[in-house]
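Here are the chains, one letter per residue:
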Amino acid sequence: MSKNINLNNKILYVFLSLTILLGYYFGEDSAGSGGFIVDFNNTWPILSLIDRGEYFNFSEHTIHFPLHYYFLYFLNIFFESKDNVRLIFCIISLATPYIFYLILSEKFPKIDKNKLFFFTLILFLLPSFRSGAIWANTQITALIFFLYSLYFFIKWENKKSKKYCKEIILQCFFLSCAVYTRQLYAIIFVYILVKYFFALNFKDFLKTVFTIFIFAIPGFLLVLVVPSTLRTTFDLNFFNSFMVNTSIISFYLIPLIFLINYKKIKDLNLKKTDYLFFLIFAFMTLIATFGFNYNPSLGGGFFIKLSILIFNNLYFFFFTSFIGLISIYLFSREDKLSLILFFLLIFGFSSYQIFQKYFEPMLIILIFLIIKNNQN
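Attention in this report is confined to the structure presented alongside it. Since this is a predicted model, take the numbers as computed values, not measurements. (Residues numbered from 1 in each chain as written. Predicted model: local features only at pLDDT ≥ 70, side-chain atom pairs only at ≥ 80, totals over all residues. Heavy atoms only, no water.)

1. Side note on the overall build of the chain
1) Next: Secondary structure assignment for the chain yields 18 helices and zero strands.
2) Next: Scaling as 2.2 N^0.38, a compact globule of 376 residues should have a C-alpha radius of gyration of about 21 Å, and the chain matches this with 21 Å.
3) Next: By principal-axis analysis of the C-alpha atoms, the chain measures approximately 65 × 50 × 50 Å.
4) Next: Here the chain holds 376 residues, and the buried ones make up 49% of them.
5) Next: Pairs at least 24 apart in sequence give 75% of the contacts found in the chain among residues at least 6 apart.
6) Next: Accessible surface, the chain as shown: approximately 18,600 Å² in total, 69% of it carbon and sulfur.
7) Next: Averaging the positions of the 31 positive and the 19 negative side-chain charges in the chain gives two centres separated by 11 Å. (Helix = DSSP H or I, 4+ residues; strand = E, 2+ residues; numbered from the N terminus. Rg over C-alpha atoms; globule rule 2.2 N^0.38 Å. Buried < 20%, exposed > 50% of the residue type's maximum accessible area, 1.4 Å probe, protein only. Contact = heavy atoms within 4.5 Å. Areas by Shrake-Rupley, 256 points an atom, 1.4 Å probe, with all protein chains shown as cover. Lys, Arg positive; Asp, Glu negative; His and termini not counted. Charge placed at Lys NZ, Arg CZ, Asp CG, Glu CD.)

This is the structure we're talking about:
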(Lines give C-alpha, C1' and ligand atoms only; values in the text may rest on other atoms or scores of the structure.)
Protein backbone atom coordinates (compact mmCIF):
# COMPACT_ATOMS: atom_id res chain seq x y z
CA MET A 1 0.00 0.00 0.00
CA SER A 2 1.20 3.53 -0.80
CA LYS A 3 3.52 5.22 1.70
CA ASN A 4 1.49 8.39 1.24
CA ILE A 5 -1.40 6.82 3.16
CA ASN A 6 -1.42 7.55 6.88
CA LEU A 7 -1.75 4.92 9.59
CA ASN A 8 -5.35 5.81 10.48
CA ASN A 9 -6.50 5.19 6.90
CA LYS A 10 -4.62 1.89 6.75
CA ILE A 11 -6.19 0.75 10.01
CA LEU A 12 -9.64 1.73 8.74
CA TYR A 13 -8.99 -0.14 5.47
CA VAL A 14 -8.04 -3.29 7.41
CA PHE A 15 -11.01 -2.94 9.78
CA LEU A 16 -13.53 -2.55 6.94
CA SER A 17 -11.91 -5.46 5.09
CA LEU A 18 -12.41 -7.58 8.19
CA THR A 19 -16.11 -6.67 8.24
CA ILE A 20 -16.39 -8.07 4.71
CA LEU A 21 -14.64 -11.27 5.78
CA LEU A 22 -16.91 -11.46 8.81
CA GLY A 23 -19.85 -11.06 6.43
CA TYR A 24 -18.47 -14.00 4.44
CA TYR A 25 -18.38 -16.12 7.60
CA PHE A 26 -22.01 -15.33 8.45
CA GLY A 27 -23.26 -15.51 4.85
CA GLU A 28 -24.26 -11.83 4.75
CA ASP A 29 -26.50 -10.52 1.98
CA SER A 30 -26.84 -6.89 3.02
CA ALA A 31 -28.38 -5.99 -0.35
CA GLY A 32 -31.56 -7.71 0.83
CA SER A 33 -33.96 -10.34 -0.54
CA GLY A 34 -31.26 -13.01 -0.72
CA GLY A 35 -30.75 -12.28 -4.42
CA PHE A 36 -26.97 -12.58 -4.33
CA ILE A 37 -27.15 -15.90 -2.49
CA VAL A 38 -29.70 -17.30 -4.94
CA ASP A 39 -27.69 -16.08 -7.91
CA PHE A 40 -24.50 -17.73 -6.66
CA ASN A 41 -26.15 -21.07 -5.95
CA ASN A 42 -28.09 -21.07 -9.22
CA THR A 43 -25.02 -20.32 -11.33
CA TRP A 44 -22.53 -22.59 -9.56
CA PRO A 45 -23.52 -25.58 -11.80
CA ILE A 46 -22.05 -23.62 -14.72
CA LEU A 47 -18.61 -24.71 -13.53
CA SER A 48 -19.61 -28.34 -14.07
CA LEU A 49 -20.77 -27.47 -17.60
CA ILE A 50 -17.38 -25.91 -18.34
CA ASP A 51 -15.64 -28.96 -16.92
CA ARG A 52 -17.63 -31.14 -19.35
CA GLY A 53 -16.54 -29.00 -22.30
CA GLU A 54 -19.59 -26.72 -22.62
CA TYR A 55 -18.04 -23.27 -22.80
CA PHE A 56 -20.84 -21.07 -24.11
CA ASN A 57 -24.41 -22.17 -23.50
CA PHE A 58 -25.26 -21.27 -19.89
CA SER A 59 -28.75 -20.03 -20.69
CA GLU A 60 -30.44 -22.34 -18.17
CA HIS A 61 -28.54 -20.67 -15.35
CA THR A 62 -27.88 -17.05 -16.31
CA ILE A 63 -28.48 -14.32 -18.89
CA HIS A 64 -24.98 -12.88 -18.39
CA PHE A 65 -21.98 -13.34 -20.67
CA PRO A 66 -19.61 -16.09 -19.44
CA LEU A 67 -16.30 -14.40 -18.54
CA HIS A 68 -16.98 -14.27 -14.79
CA TYR A 69 -17.76 -18.00 -14.70
CA TYR A 70 -14.52 -18.84 -16.50
CA PHE A 71 -12.74 -16.96 -13.70
CA LEU A 72 -14.61 -18.90 -11.01
CA TYR A 73 -13.82 -22.14 -12.84
CA PHE A 74 -10.11 -21.21 -12.80
CA LEU A 75 -10.28 -20.55 -9.04
CA ASN A 76 -12.09 -23.83 -8.48
CA ILE A 77 -9.30 -25.77 -10.20
CA PHE A 78 -6.93 -24.68 -7.44
CA PHE A 79 -9.21 -24.40 -4.42
CA GLU A 80 -11.67 -27.22 -5.19
CA SER A 81 -14.71 -26.15 -3.19
CA LYS A 82 -17.56 -23.69 -3.39
CA ASP A 83 -16.74 -22.04 -0.07
CA ASN A 84 -13.03 -21.74 -0.84
CA VAL A 85 -13.76 -20.10 -4.19
CA ARG A 86 -16.09 -17.64 -2.46
CA LEU A 87 -13.42 -16.84 0.13
CA ILE A 88 -10.65 -16.24 -2.42
CA PHE A 89 -12.98 -14.14 -4.55
CA CYS A 90 -13.92 -12.16 -1.43
CA ILE A 91 -10.25 -11.50 -0.62
CA ILE A 92 -9.55 -10.39 -4.20
CA SER A 93 -12.53 -8.01 -4.00
CA LEU A 94 -10.93 -6.23 -1.04
CA ALA A 95 -8.47 -4.62 -3.47
CA THR A 96 -11.27 -2.79 -5.32
CA PRO A 97 -11.29 0.37 -3.16
CA TYR A 98 -7.50 0.60 -3.50
CA ILE A 99 -7.78 0.34 -7.29
CA PHE A 100 -10.39 3.10 -7.15
CA TYR A 101 -7.96 5.18 -5.07
CA LEU A 102 -5.14 4.75 -7.61
CA ILE A 103 -7.42 5.98 -10.40
CA LEU A 104 -8.63 8.94 -8.35
CA SER A 105 -4.98 9.83 -7.71
CA GLU A 106 -4.43 9.85 -11.46
CA LYS A 107 -7.54 11.97 -11.98
CA PHE A 108 -6.92 14.43 -9.14
CA PRO A 109 -3.13 14.61 -8.61
CA LYS A 110 -3.35 17.84 -6.59
CA ILE A 111 -5.77 16.45 -4.00
CA ASP A 112 -4.46 15.09 -0.69
CA LYS A 113 -3.90 11.36 -1.19
CA ASN A 114 -5.32 10.58 2.25
CA LYS A 115 -8.58 12.34 1.42
CA LEU A 116 -8.87 10.35 -1.79
CA PHE A 117 -8.10 7.09 -0.02
CA PHE A 118 -10.60 7.79 2.76
CA PHE A 119 -13.29 8.54 0.17
CA THR A 120 -12.78 5.23 -1.66
CA LEU A 121 -13.49 3.31 1.55
CA ILE A 122 -17.15 4.15 0.99
CA LEU A 123 -17.26 1.09 -1.28
CA PHE A 124 -16.95 -1.13 1.78
CA LEU A 125 -20.23 0.33 3.11
CA LEU A 126 -22.33 -0.16 -0.02
CA PRO A 127 -24.68 -3.16 0.40
CA SER A 128 -24.35 -4.26 -3.23
CA PHE A 129 -20.54 -4.22 -3.07
CA ARG A 130 -20.46 -6.13 0.21
CA SER A 131 -22.89 -8.80 -0.97
CA GLY A 132 -21.27 -9.05 -4.38
CA ALA A 133 -17.85 -9.63 -2.82
CA ILE A 134 -19.15 -12.15 -0.29
CA TRP A 135 -21.14 -14.14 -2.88
CA ALA A 136 -18.68 -14.02 -5.81
CA ASN A 137 -21.05 -12.03 -7.99
CA THR A 138 -20.53 -10.94 -11.60
CA GLN A 139 -20.99 -7.36 -10.43
CA ILE A 140 -17.57 -7.29 -8.72
CA THR A 141 -15.67 -8.90 -11.60
CA ALA A 142 -17.22 -6.46 -14.05
CA LEU A 143 -16.49 -3.55 -11.70
CA ILE A 144 -12.79 -4.41 -11.50
CA PHE A 145 -12.52 -4.62 -15.30
CA PHE A 146 -14.43 -1.35 -15.54
CA LEU A 147 -12.05 0.39 -13.13
CA TYR A 148 -9.04 -0.73 -15.13
CA SER A 149 -10.65 0.57 -18.31
CA LEU A 150 -11.22 3.95 -16.63
CA TYR A 151 -7.59 4.02 -15.49
CA PHE A 152 -6.37 3.90 -19.08
CA PHE A 153 -9.12 6.27 -20.20
CA ILE A 154 -7.94 8.88 -17.71
CA LYS A 155 -4.31 8.25 -18.68
CA TRP A 156 -5.35 9.01 -22.26
CA GLU A 157 -7.26 12.13 -21.20
CA ASN A 158 -4.25 13.40 -19.25
CA LYS A 159 -2.05 13.01 -22.34
CA LYS A 160 -4.44 15.35 -24.21
CA SER A 161 -3.59 13.39 -27.34
CA LYS A 162 -5.68 13.34 -30.50
CA LYS A 163 -3.88 10.22 -31.69
CA TYR A 164 -4.76 6.54 -31.52
CA CYS A 165 -2.53 5.05 -28.80
CA LYS A 166 -2.03 2.11 -26.46
CA GLU A 167 -4.19 3.71 -23.75
CA ILE A 168 -7.17 3.60 -26.11
CA ILE A 169 -6.51 -0.06 -26.92
CA LEU A 170 -6.21 -1.02 -23.25
CA GLN A 171 -9.25 1.04 -22.26
CA CYS A 172 -11.35 -0.69 -24.93
CA PHE A 173 -9.97 -4.11 -23.98
CA PHE A 174 -10.85 -3.85 -20.29
CA LEU A 175 -14.24 -2.29 -21.00
CA SER A 176 -14.92 -5.20 -23.36
CA CYS A 177 -14.04 -7.59 -20.51
CA ALA A 178 -16.54 -5.74 -18.31
CA VAL A 179 -19.20 -6.18 -21.01
CA TYR A 180 -18.37 -9.89 -21.35
CA THR A 181 -19.06 -10.11 -17.62
CA ARG A 182 -22.19 -7.91 -17.43
CA GLN A 183 -23.78 -6.65 -20.63
CA LEU A 184 -25.01 -3.41 -19.06
CA TYR A 185 -21.51 -1.92 -19.39
CA ALA A 186 -22.10 -1.78 -23.15
CA ILE A 187 -23.91 1.53 -22.62
CA ILE A 188 -20.59 3.03 -21.46
CA PHE A 189 -19.09 2.13 -24.84
CA VAL A 190 -21.63 4.41 -26.51
CA TYR A 191 -20.59 7.34 -24.32
CA ILE A 192 -16.86 6.61 -24.76
CA LEU A 193 -17.30 6.53 -28.53
CA VAL A 194 -18.88 9.99 -28.44
CA LYS A 195 -15.93 11.24 -26.39
CA TYR A 196 -13.48 9.77 -28.88
CA PHE A 197 -15.41 11.22 -31.81
CA PHE A 198 -14.94 14.76 -30.54
CA ALA A 199 -11.37 14.26 -29.27
CA LEU A 200 -9.68 12.29 -32.08
CA ASN A 201 -9.02 13.15 -35.68
CA PHE A 202 -11.21 11.20 -38.07
CA LYS A 203 -8.55 8.67 -39.10
CA ASP A 204 -7.71 7.75 -35.52
CA PHE A 205 -11.38 7.64 -34.60
CA LEU A 206 -11.88 5.01 -37.31
CA LYS A 207 -8.96 3.04 -35.87
CA THR A 208 -10.67 3.16 -32.49
CA VAL A 209 -13.98 1.97 -33.94
CA PHE A 210 -12.16 -0.89 -35.67
CA THR A 211 -10.47 -1.83 -32.37
CA ILE A 212 -13.83 -1.97 -30.62
CA PHE A 213 -15.19 -4.08 -33.47
CA ILE A 214 -12.32 -6.56 -33.04
CA PHE A 215 -13.02 -6.85 -29.32
CA ALA A 216 -16.74 -7.30 -30.11
CA ILE A 217 -16.19 -10.31 -32.40
CA PRO A 218 -16.30 -12.89 -29.55
CA GLY A 219 -19.63 -11.39 -28.52
CA PHE A 220 -21.04 -11.70 -32.04
CA LEU A 221 -19.88 -15.34 -32.20
CA LEU A 222 -21.38 -16.05 -28.79
CA VAL A 223 -24.74 -14.66 -29.89
CA LEU A 224 -24.62 -16.79 -33.06
CA VAL A 225 -23.85 -19.95 -31.09
CA VAL A 226 -26.24 -19.16 -28.22
CA PRO A 227 -28.99 -16.78 -29.44
CA SER A 228 -30.61 -16.85 -26.00
CA THR A 229 -27.70 -14.69 -24.84
CA LEU A 230 -29.74 -11.76 -26.13
CA ARG A 231 -32.51 -12.61 -23.69
CA THR A 232 -32.91 -9.75 -21.23
CA THR A 233 -35.50 -8.21 -18.92
CA PHE A 234 -35.88 -5.22 -21.26
CA ASP A 235 -39.17 -3.32 -21.02
CA LEU A 236 -40.53 -0.94 -23.66
CA ASN A 237 -42.39 1.15 -21.09
CA PHE A 238 -39.86 3.99 -20.96
CA PHE A 239 -42.09 5.95 -18.58
CA ASN A 240 -41.18 3.39 -15.92
CA SER A 241 -37.44 3.53 -16.56
CA PHE A 242 -37.57 7.33 -16.78
CA MET A 243 -39.24 7.72 -13.39
CA VAL A 244 -37.44 4.95 -11.53
CA ASN A 245 -33.94 5.68 -12.81
CA THR A 246 -34.10 9.45 -12.29
CA SER A 247 -35.33 8.79 -8.74
CA ILE A 248 -32.44 6.38 -8.07
CA ILE A 249 -29.92 8.81 -9.57
CA SER A 250 -31.30 11.56 -7.32
CA PHE A 251 -30.44 9.37 -4.31
CA TYR A 252 -26.73 9.78 -5.18
CA LEU A 253 -26.68 13.30 -6.61
CA ILE A 254 -28.76 15.13 -3.98
CA PRO A 255 -26.13 14.69 -1.20
CA LEU A 256 -23.36 15.82 -3.56
CA ILE A 257 -25.19 18.96 -4.66
CA PHE A 258 -26.04 19.71 -1.03
CA LEU A 259 -22.41 19.32 0.05
CA ILE A 260 -21.18 21.50 -2.81
CA ASN A 261 -23.71 24.27 -2.14
CA TYR A 262 -24.43 23.81 1.55
CA LYS A 263 -23.76 27.46 2.49
CA LYS A 264 -26.58 29.11 0.56
CA ILE A 265 -28.78 28.58 -2.46
CA LYS A 266 -27.04 31.45 -4.26
CA ASP A 267 -24.01 29.20 -4.70
CA LEU A 268 -25.99 27.39 -7.39
CA ASN A 269 -25.75 30.53 -9.59
CA LEU A 270 -29.14 29.90 -11.15
CA LYS A 271 -30.21 31.92 -14.20
CA LYS A 272 -33.56 32.53 -15.86
CA THR A 273 -32.87 29.80 -18.41
CA ASP A 274 -32.27 27.36 -15.54
CA TYR A 275 -35.74 28.02 -14.13
CA LEU A 276 -37.18 27.48 -17.61
CA PHE A 277 -35.56 24.06 -17.70
CA PHE A 278 -36.97 23.29 -14.25
CA LEU A 279 -40.46 23.99 -15.60
CA ILE A 280 -39.79 21.69 -18.54
CA PHE A 281 -38.61 18.97 -16.13
CA ALA A 282 -41.77 19.37 -14.06
CA PHE A 283 -43.87 18.97 -17.20
CA MET A 284 -41.89 15.89 -18.29
CA THR A 285 -42.35 14.32 -14.85
CA LEU A 286 -46.06 15.05 -14.88
CA ILE A 287 -46.51 13.46 -18.32
CA ALA A 288 -44.50 10.39 -17.25
CA THR A 289 -46.74 9.79 -14.23
CA PHE A 290 -49.68 9.07 -16.54
CA GLY A 291 -47.82 6.20 -18.24
CA PHE A 292 -46.19 4.91 -15.06
CA ASN A 293 -47.27 1.40 -14.02
CA TYR A 294 -44.17 -0.06 -12.39
CA ASN A 295 -44.53 -2.85 -9.83
CA PRO A 296 -42.70 -1.65 -6.65
CA SER A 297 -42.25 -5.23 -5.49
CA LEU A 298 -39.68 -5.60 -8.30
CA GLY A 299 -37.20 -3.07 -6.95
CA GLY A 300 -37.53 0.56 -7.93
CA GLY A 301 -34.99 2.05 -5.55
CA PHE A 302 -34.96 3.50 -2.06
CA PHE A 303 -37.32 6.42 -2.63
CA ILE A 304 -40.17 4.38 -4.08
CA LYS A 305 -40.05 2.12 -1.02
CA LEU A 306 -39.89 5.12 1.30
CA SER A 307 -42.80 6.81 -0.47
CA ILE A 308 -45.03 3.77 -0.02
CA LEU A 309 -43.86 3.10 3.53
CA ILE A 310 -44.41 6.63 4.87
CA PHE A 311 -47.12 8.11 2.64
CA ASN A 312 -48.77 4.98 1.24
CA ASN A 313 -48.66 6.55 -2.24
CA LEU A 314 -46.12 7.43 -4.95
CA TYR A 315 -46.27 11.24 -4.82
CA PHE A 316 -43.01 11.60 -2.91
CA PHE A 317 -41.37 9.15 -5.33
CA PHE A 318 -42.58 11.25 -8.30
CA PHE A 319 -41.10 14.33 -6.64
CA THR A 320 -37.70 12.61 -6.29
CA SER A 321 -37.79 11.83 -10.03
CA PHE A 322 -38.28 15.54 -10.69
CA ILE A 323 -35.44 16.40 -8.30
CA GLY A 324 -33.33 13.78 -10.08
CA LEU A 325 -33.76 15.64 -13.39
CA ILE A 326 -32.78 18.92 -11.75
CA SER A 327 -29.77 17.26 -10.11
CA ILE A 328 -28.61 15.80 -13.43
CA TYR A 329 -28.99 19.21 -15.07
CA LEU A 330 -27.02 21.02 -12.34
CA PHE A 331 -24.32 18.39 -12.30
CA SER A 332 -23.90 18.50 -16.08
CA ARG A 333 -23.60 22.25 -16.61
CA GLU A 334 -19.81 22.11 -16.86
CA ASP A 335 -19.74 18.98 -19.03
CA LYS A 336 -22.56 18.88 -21.56
CA LEU A 337 -21.44 15.48 -22.87
CA SER A 338 -22.28 14.01 -19.48
CA LEU A 339 -25.94 14.53 -20.38
CA ILE A 340 -25.46 11.75 -22.93
CA LEU A 341 -24.12 9.52 -20.18
CA PHE A 342 -27.09 10.23 -17.91
CA PHE A 343 -29.48 9.69 -20.84
CA LEU A 344 -27.92 6.25 -21.40
CA LEU A 345 -28.21 5.41 -17.71
CA ILE A 346 -31.86 6.45 -17.59
CA PHE A 347 -33.02 4.56 -20.67
CA GLY A 348 -30.31 1.86 -20.84
CA PHE A 349 -31.69 0.31 -17.65
CA SER A 350 -35.16 -0.10 -19.10
CA SER A 351 -36.53 -3.23 -17.47
CA TYR A 352 -39.63 -4.53 -15.74
CA GLN A 353 -37.37 -4.93 -12.68
CA ILE A 354 -34.89 -2.17 -11.80
CA PHE A 355 -32.83 -2.57 -8.65
CA GLN A 356 -30.79 0.16 -7.03
CA LYS A 357 -27.86 -2.25 -6.79
CA TYR A 358 -27.44 -1.90 -10.57
CA PHE A 359 -26.18 1.64 -9.94
CA GLU A 360 -23.86 0.77 -7.05
CA PRO A 361 -21.05 1.58 -7.10
CA MET A 362 -20.93 2.22 -10.86
CA LEU A 363 -22.71 5.59 -10.67
CA ILE A 364 -20.44 6.89 -7.91
CA ILE A 365 -17.39 5.90 -9.95
CA LEU A 366 -18.78 7.52 -13.10
CA ILE A 367 -19.53 10.76 -11.25
CA PHE A 368 -15.99 11.17 -9.98
CA LEU A 369 -13.95 9.63 -12.79
CA ILE A 370 -15.84 10.41 -15.99
CA ILE A 371 -17.93 13.54 -15.48
CA LYS A 372 -15.88 16.74 -15.68
CA ASN A 373 -17.07 18.91 -12.84
CA ASN A 374 -14.65 21.25 -11.06
CA GLN A 375 -16.80 21.06 -7.93
CA ASN A 376 -16.10 17.33 -7.58
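2. Comments concerning the packing of aromatic side chains
1) Next: For the structure shown, the criterion picks out 45 aromatic pairs.
2) Next: Measuring from ring centre to ring centre gives 6.2 Å for Phe100 and Phe119, while their planes differ by 55°; the resulting arrangement is tilted. One end of the pair, Phe100, is in helix 6 (residues 96-107); the other, Phe119, is in helix 7 (residues 113-120), and 19 residues separate them in sequence.
3) Next: Assessed through its relative accessible area of 0%, Phe100 is described here as buried.
4) Next: Judged by relative accessible area, which is 27%, Phe119 ranks as partly exposed.
5) Next: Taken together, the ring pairs connect Tyr13, Tyr98, Tyr101, Phe117, Phe124 and Phe129 into an aromatic cluster.
6) Next: Taking the ring centre of Trp135 as reference, the NZ or CZ of Arg86 above it sits at 3.7 Å.
7) Next: Between the NZ or CZ atom of Lys357 and the centre of the ring of Phe36, over which it lies, the distance is 4.6 Å. (Phe/Tyr/Trp six-rings, centres within 6.5 Å; stacked < 30°, edge-to-face > 60°. Lys NZ or Arg CZ within 6 Å of the ring centre and 35° of its normal.)

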